[in-house]
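# Inside the fold
Here is what each chain is made of, one letter per residue.
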Number of protein chains: 2
Amino acid sequence: MKSIEVVYSPKLLPLYDLNGKLVVVIDILRASSTICVAFETGVNKVLPVAGIDECYMFKDFDFLIAAERNAVKVPTFDLGNSPFEFQNPLLAGKNIAFTTTNGTKALKMAKMQGAKEIVIGSFLNLSALCKHIEAQQLDVVLLCAGWKDKYNLEDSIFAGAVASQLSEQFTKTDDACIAAIDLYEHHADKLAEIIRKSSHANRFQLLHLHTDDVAFCSQLDYTQKVPKLLGEYLVV
Amino acid sequence: MKSIEVVYSPKLLPLYDLNGKLVVVIDILRASSTICVAFETGVNKVLPVAGIDECYMFKDFDFLIAAERNAVKVPTFDLGNSPFEFQNPLLAGKNIAFTTTNGTKALKMAKMQGAKEIVIGSFLNLSALCKHIEAQQLDVVLLCAGWKDKYNLEDSIFAGAVASQLSEQFTKTDDACIAAIDLYEHHADKLAEIIRKSSHANRFQLLHLHTDDVAFCSQLDYTQKVPKLLGEYLVV
């Protein structure tokens, strides 16, 4: 029987052996949600890059460029990071270079540590992701991008949602996995509410995140796409 | 209003500013529980040391020495690490050098990062600890020693117990703290059971931990002592 482990922060990833494993990168607010929306809209490929300057260079290479700081689109960029912007039908067939500090770091670390496959998970593709995972028959690591490397609620509760759906077919001997399932199962019927719980926290005030974005990113099964890292690119 | 934060692993501690804060070091199975028992028995002071060799040196300096590997007392040492051994009345007034890899590391890191006060918490001194924290009027960091730097259930649920008891008087803007409270409040009436949940996991099988130890370490308020780091020593 294959196993599921949950990692609450990229800082903890070096403690895990990823060789031959399937890693799901989770950054619910908002990179992994927005990337799922982009592929549902018909985007061709997404290049995750860490910094704004690096991202900007790709403007010259047939990429649209997406970046935000403090929840505001960076001037001179084509797109910010809100999922709503990626619903624009004009994006179909385009390539997008996308800045996401935590998400890019998590993807690169998973690759360097020998993961066999790396995919993107969000509530928006939960069922499709779980079907995909079941089909692979690999040990699974659910990697939460977190908030500046700290534990965050929305990524953890999503990890719990995945582990809960897969619990029949996988062993869960990992304490972080048991706790994530527990968190999810106590809040499954009010996801947006538990995620908004942190809106009292500085983090959400700093981010100026719109309630709309939180509600949107808490939706289940908006898409059947499961973005996957192929070389440097995310594709479906 | 003062704040409470929860840190699930010493690996994450460098992300936190500890200056002027009160840090509670938590290693429920079993170092922080056993240390609380030692002081209830009347031990004079405890010197936490990282390794067995280092610990052994203190045999020549009027210390009893305590060490275990794989839940078995190391031969030539006076004591192992089971809380039951530290109930022996002959220990009253003695000094003990105590090996605890995770616990010592957590204590030393908290000190290096500028914590104002460092104390030991376990279910065995929960109420006394909470009273002590309230009296200090400092920002609080609950530091879980974890299992080889990974998240573990018993330390996290204890952090939730402390944060839950103090929730009226402190702000909890930290996601890890919110999740720990949630975990604790859903399992407060069956602590030993949720802690034993991980007994299905490799960790407990590797440790050969006795059910007795788990049940003992899940008891509330066995003692009113709150061990505190003073220089290199834990004292009450």
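Residues numbered from 1 in each chain as written. Chains lettered and ligands numbered in written order. Predicted model: local features only at pLDDT ≥ 70, side-chain atom pairs only at ≥ 80, totals over all residues.

### A look at the overall build of chain A
- Helices and strands together make up the secondary structure of chain A, namely nine helices and twelve strands.
- Projecting the C-alpha coordinates of chain A onto the three principal axes gives extents of approximately 50 × 40 × 30 Å.
- Counting across all 236 residues of chain A, residues that qualify as buried make up 52%.
- Sequence separation of at least 24 residues holds for 78% of the intrachain contacts in chain A that already meet a minimum separation of 6. (Helix = DSSP H or I, 4+ residues; strand = E, 2+ residues; numbered from the N terminus. Buried ≥ 20, exposed ≤ 12 C-beta atoms within 10 Å, placed from the backbone. Contact = placed C-beta atoms within 7 Å.)

### As for the interface of chain B and chain A
- Each side of the interface is counted separately: chain B has 25 residues, and chain A has 25 residues.
- Counting only elements with at least two residues in the side of chain B that touches chain A, the list comes to α5 (153–165) and α6 (175–187) of chain B.
- Ranked by residue count, the leading element in the side of chain B that touches chain A is α6(B), at seven residues.
- Tallied by class, residues from the side of chain B that touches chain A come to ten nonpolar, eight polar and seven charged. (Nonpolar A, V, L, I, M, F, W, Y, C, P; charged D, E, K, R; others polar.)

### Description of the pairing of strand β2 (residues 22–26) of chain B
All names here are of chain B.
- By the criterion of burial, β2 is predominantly enclosed, with five of the five residues buried.
- Judged by which residues are buried, β2 turns out to be covered on both faces: Leu22, Val24 and Ile26 on one side and Val23 and Val25 on the other are all buried.
- With five bridges joining them, β2 and strand β9 (residues 140–144) adopt parallel strand pairing. Each residue of the ladder has a partner; that of Val23, found in β9, is Val141. (Pairing = 2+ DSSP bridges.)

### Digging into the relation of the copies chain B and chain A
- Overlaying chain B on chain A yields an RMSD of 0.0 Å, the required transformation being a rotation through 180° with an accompanying axial translation of 0.0 Å. One copy is carried onto the other by what is essentially a two-fold rotation axis.
- Taken as a fraction of all interface residues of chain B, those also at the interface in chain A reach 100%, which identifies the copy contact as same-surface. (Least-squares fit on C-alpha atoms with pLDDT ≥ 70 in both.)

### Side note on the pairing of strand β8 (residues 117–121) of chain B
Residues and elements named next belong to chain B.
- Within β8, four of the five residues are buried, leaving the element largely enclosed by the surrounding structure.
- The sheet contact formed by β2 and β8 spans five bridges and is parallel. Counterpart to Leu22 in the pairing with β8 is Glu117.

### Things to note about the packing of helix α6 (residues 175–187) of chain A against α6(B)
- Across the interface, α6(A) lies against α6(B) with an axial gap of 10 Å and an inter-helix angle of 80°. Our classification of the angle between α6(A) and α6(B) gives roughly perpendicular. Between α6(A) and α6(B), the contacting residues are Ala179(A), Asp182(A), Leu183(A) and His186(A) on the first element and Ala179(B), Asp182(B), Leu183(B) and His186(B) on the second.
- Considered class by class, the residues forming the contact of α6(A) with α6(B) number four nonpolar, two polar and two charged. (Axes fitted to C-alpha atoms, helices over the stretch in contact; angles between N-to-C directions. Parallel < 35°, antiparallel > 145°, perpendicular 65-115°, else oblique.)

### Some thoughts on the packing of helix α4 (residues 126–136) of chain B against α5(B)
All names here are of chain B.
- Look at α4 against α5: their axes get within 10 Å of each other, and the N-to-C directions meet at 50°. Comparing their axes, α5 and α4 come out oblique. Regarding α4 and α5, the two cross each other, and that crossing is right-handed. Where α4 approaches α5, its residues Leu126, Leu129 and Cys130 are matched on the opposing element by Ala161, Val162 and Gln165.
- Residues of the contact of α4 with α5, tallied by class, amount to five nonpolar, one polar and no charged. (Left-handed = near helix turned anticlockwise from the far one by under 90°.)

### Structural notes on helix α1 (residues 31–41) of chain A
All names here are of chain A.
- Judged by how many residues are buried, α1 sits mostly within the fold: ten of eleven residues are covered.
- Within the span of α1, buried status applies to Ala31, Ser32, Ser33, Thr34, Ile35, Cys36, Val37, Ala38, Phe39 and Thr41.
- Directly after α1, the chain includes Gly42, whose backbone phi takes a positive value near 110°.

### Let's talk about the nonpolar core
- Val25(A), Leu142(A), Leu143(A), Val25(B), Leu142(B) and Leu143(B) are the most contacted members of the largest nonpolar core, which has 163 residues in total.
- Other than its neighbours up to four places away in sequence, Leu142(B) contacts Ile4(B), Val6(B), Val7(B), Val24(B), Ile26(B), Ala159(B), Val162(B) and Ala163(B). (Core = buried A, V, L, I, M, F, W, Y, C linked by C-beta atoms within 7 Å.)

### Topic: helix α4 (residues 126–136) of chain A
Residues and elements named next belong to chain A.
- Taken together, the buried positions of α4 are occupied by Leu126, Leu129, Cys130 and Ile133. Relative to the axis of α4, the buried residues are bounded by an arc of 95° and lie together on one face.
- Check the buried side of α4 and you find it contacts β2 (22–26), β8 (117–121), β9 (140–144) and α5 (153–165).
- Where α4 terminates, the next one or two residues include Gln137, which has phi positive at roughly 55°. (Arc of directions from axis to C-beta.)

### Details of unusual backbone geometry
- Between Leu29(A) and the following residue, Arg30(A), the backbone shows a cis peptide bond with an omega angle of 5°.
- Relative to the assigned elements, Arg30(A) resides in the loop between β2 and α1.
- Residues other than glycine seldom take positive phi values, yet Thr76(A) does so here, at roughly 75°.
- Mapped onto the elements, Thr76(A) comes out in the loop between β6 (72–73) and β7 (95–99).
- Exposure remark for Thr76(A): the 10 C-beta atoms within 10 Å place this residue in the exposed category.
- The backbone of Asp221(B) sits at a positive phi, close to 60°, despite the residue not being glycine.
- Note that Asp221(B) resides in the loop between α9 (211–217) and β11 (228–230).

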